[in-house]
Amino acid sequence: MELWELGYDFQDQPDGKGRALVRREKRELSKDSPPGEGGVEYEITDQVESLRFRYRNGNKWVDEWESPPNALPAAVEIVLIMAGGKVYATSVGIGMK
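Computed from a predicted model, the values in this text were never measured in an experiment.

### Focus: the overall build of the protein
- Each helix and strand counted, the protein has zero helices and seven strands in total.
- Ordered by position in the sequence, the α and β elements of the protein form the string β-β-β-β-β-β-β.
- Here the protein has a C-alpha radius of gyration of 17 Å; the compact-globule value for 97 residues is 13 Å, and the former is much larger.
- Projected onto the principal axes, the alpha-carbon positions of the protein cover approximately 40 × 40 × 25 Å.

### Brief notes about the sheet that holds strand E3 (residues 40–45)
- Taken in spatial order, the three strands make up an open sheet running E1-E2-E3, and their pairing is antiparallel. Taken across any chain shown, the strands that pair with only one partner, and hence form the sheet edges, are strand E1 (5–12) and E3. Neighbouring strand axes in the sheet, compared pairwise and without regard to direction, differ in orientation by 30 degrees on average.
- By the bridge criterion, eight bridges tie E1 to strand E2 (residues 19–26) in an arrangement that is antiparallel. If you follow Gly7 over to E2, its bridge partner there is Arg24.

### Here's the deal with the pairing of strand E6 (residues 75–82)
- The buried count for E6 comes to six of eight residues, which makes it a mostly enclosed element.
- Relative to strand E7 (residues 87–93), E6 is paired through seven bridges, and the arrangement is antiparallel. Along E7, the bridge assignment pairs Ile78 with Thr90.
- Between the end of E6 and the start of E7, which pair antiparallel, lie four residues, with Gly84 showing a positive phi angle near 90 degrees.

### Section: the side chain of Gln13
- Summarising the element assignment, Gln13 is placed in the loop between E1 and E2.
- For Gln13, a relative accessible area of 13% corresponds to the buried category.
- Leaving out residues up to four positions away in the same chain, Gln13 has contacts with Gly18, Arg19, Ala20, Glu43 and Asp46.

### Focus on the sheet that holds E6
- The antiparallel open sheet is built from four strands, whose spatial order is E5-E4-E6-E7. Looking at the sheet topology across the chains shown, the edges are occupied by strand E5 (60–62) and E7. When strand polarity is set aside, the average angle formed by the axes of neighbouring strands in this sheet is 25 degrees.

Reading guide: rules and limits
- Residues numbered from 1 in each chain as written.
- Predicted model: local features only at pLDDT ≥ 70, side-chain atom pairs only at ≥ 80, totals over all residues.
- Heavy atoms only, no water.
- Helix = DSSP H or I, 4+ residues; strand = E, 2+ residues; numbered from the N terminus.
- Rg over C-alpha atoms; globule rule 2.2 N^0.38 Å.
- Pairing = 2+ DSSP bridges.
- Axes fitted to C-alpha atoms, helices over the stretch in contact; angles between N-to-C directions.
- Buried < 20%, exposed > 50% of the residue type's maximum accessible area, 1.4 Å probe, protein only.
- Contact = heavy atoms within 4.5 Å.

Geometry only, nothing functional implied.
Next comes the structure, spelled out in structure tokens:
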């Protein structure tokens, strides 16, 4: 089985004009390389206007997740708004039943 560590981050543009969404891939996992470090970075886009998360709390969506320790929301909604108004949205169920 092949395991990879993936990460996504916003990084300032070198020219100081905005930020870019970057994907980091680390294909070799070891105890000598701390999580979140190393690998190869790829710029995905510099056209992101906003990124929003919402959380399913019972029967309603909330903007902030406040819960007892170790409790998870039933789902997380992810909305990415691009320059020009294009919207990408998804929700992912994560809570345990």
